[in-house]
Amino acid sequence: MAKKPIQPRKSKTDGPRPWMVAAWPGMGNVAVIAAGYLVQELGMRPVTELFPRGHFDIQQVSVKEGVIVPPHMPRSVIYKWTNPGGRDLYVFLGEAQPTSGTYSFAHELLDRATELDVERVVTFASLASQLHPSSEPRVAGAATDEAMLAELRRVEVRSLRDGQIGGLNGVLLGASAQVGLSGMCLLGEIPFFAAAVPNPKAAAAVLETFTNLAGITIDLEELKGHAKAVEEALVELMERMKQSERGIEIEGLSDDDDDDEEVEIGEGGDATGTIEQSEKSKPASQAEPKTLDFSIKTRIEQMFEDAQKDRNRAMRLKDELDRHGAFKLYEDRFLDLFKRAD
């Protein structure tokens, strides 16, 4: 049964009503890193908690020196920051995605948000693309209504044109739209080959956009320091993967091919889809696909099988698809290889 729409209400104070950021683990851990950093930098304090209520299950227990360790149920905590100069902020941090009753859990959180007089919910997520680790990640957005989309455009955030946002980072917004509560999702771009690696660089990009929207200031230097270290490690990993797959010495990739061009983006743990395209020419990998002969198709199918068993082989598959101008034909299947960040 559909939830009753939230009725417009006056603020409980004379100032603007608070916003709530909600975050759960996902690809690149972008949402949790960004939301956790907000809690840290604003000195937020926990004010309430959502209890498991059958939304989480225990599949195994730990044993230490023969003694069973009591299982830990994931916590879901709401923090608050009282803004001395304007809008207050709540941040919800979930340690894990529910294993059952996801949509019901989203509505439970919205019920709590209503009790706290929240005006808007904002979630963070990530999008996996062909982004080189040394390039600056872009931020895409999706919203519950046209007014929210217009607000995103004012801060130059391209919208997620078509696609899906998986997990509660997306489902919460679906529940919000159903009950008439405004909301938006900010999605940070991450390299597809490192979808399982925590990505503070994308988290910093998302936070820069969010703080601009919210009119608050936080120091991002510590987060950007972590981002630089991860970037260097990912660049090195990318080169090793290429060398391992090709068996030859390769040159580093240039950022020039990636700058200022919108590419199709997708990420299974959080989002899949495309962002609004610019009018500039597309990269070679997005050229019109060629007709493939049987032997090439057979080879590509075998490489897909290999990549499903070992995701490190995906780089070799990507090179093969680009070589034949066939990436567009297989793009959805290719991005599905990164569906989960287990």
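This text follows the structure it describes.
What counts and how
Per chain, residue numbering runs from 1 following the sequence as it is written. For this predicted model, a pLDDT threshold of at least 70 governs which residues receive local features, and a threshold of 80 or more governs which side-chain atom pairs are given and counted, while totals over whole chains, interfaces and linings are taken from all residues. Each side-chain value is derived from all of the structure's non-hydrogen atoms; neither hydrogens nor water enter the calculation. Secondary structure follows DSSP: runs of H or I at least 4 residues long count as helices, runs of E at least 2 residues long count as strands, and numbering of each begins at the N terminus. Exposure is judged per residue with a 1.4 Å probe applied to protein chains only, and the accessible area is read against the type maximum: over 50% gives exposed, under 20% gives buried, and values in between give partly exposed. The term polar contact refers here to a pair of N or O atoms within 3.5 Å; inside protein, the definition further demands a hydrogen-donor-capable atom paired with an acceptor-capable atom, and it admits residues adjacent in sequence only when both atoms are side-chain atoms. Expected span of a helix: the number of residues minus one, times 1.5 Å. Throughout, the protein atoms alone are placed on a 1 Å grid, and a set of points is a cavity if a 1.4 Å probe fits but cannot get out or a pocket if it is open with protein on both sides within 12 Å along at least five of seven lines; lining residues have an atom within 4 Å of a point. Grid points are joined across faces, edges and corners, and a volume is the space filled by probe spheres set on the points. Throughout this entry, Asp, Glu, Lys and Arg are counted as charged residues, while Ala, Val, Leu, Ile, Met, Phe, Trp, Tyr, Cys and Pro are counted as nonpolar. The remaining residues, Gly among them, count as polar. When two rings of Phe, Tyr or Trp (its six-membered ring) have centres within 6.5 Å they constitute a pair, described as stacked for plane angles under 30 degrees, edge-to-face for angles over 60, and tilted for the intermediate range.

Draft legend 1. Looking closely at the side chain of Ser-129. Residue placement: Ser-129 occurs in strand β7 (residues 120-129). Given a relative accessible area of 1%, Ser-129 falls into the buried group. There is a polar contact of 2.6 Å between the side chain of Ser-129 and the side chain of Glu-189.

Draft legend 2. Broad picture of helix α1 (residues 30-42). Compared with an ideal rise of 1.5 Å per residue, which puts 13 residues at 18 Å, α1 spans 18 Å between its outermost C-alpha atoms and is within 8% of the ideal. Among the residues trailing α1, Gly-43 stands out with phi positive, at a value near 60°.

Draft legend 3. Up close: empty space enclosed by the protein. Taken as a whole and assessed by the stated rule, the structure comprises three cavities of 30 Å³ or more. Quantified by volume, the largest cavity comes out at close to 70 Å³. It is helix α6 (residues 221-246) that provides the largest number of residues to the lining of the largest cavity, a total of four residues. The class makeup of the residues in the lining of the largest cavity is eight nonpolar, two polar and three charged. For the lining of the second largest cavity, a count of residues per class yields five nonpolar, no polar and two charged.

Draft legend 4. Region of the structure containing unusual backbone geometry. Even without being a glycine, Asn-29 presents a positive backbone phi close to 50°. Since its relative accessible area comes to 27%, Asn-29 is described here as partly exposed. In this structure, Glu-65 is a non-glycine residue whose phi angle is positive, near 55°. The residue Glu-65 is located in the loop between β3 (62-64) and β4 (67-69) in this model.

Draft legend 5. Main features of the packing of aromatic side chains. For the structure on display, the rule yields seven aromatic pairs. Between Phe-124 and Phe-210, the aromatic rings sit 5.7 Å apart at their centres with planes inclined by 75°, giving edge-to-face as the arrangement. With a gap of 86 residues between them, Phe-124 in strand β7 and Phe-210 in helix α5 (residues 200-214) connect regions that are remote in the sequence. Here the two residues Phe-124 and Phe-210 agree in accessibility, since each one is buried.

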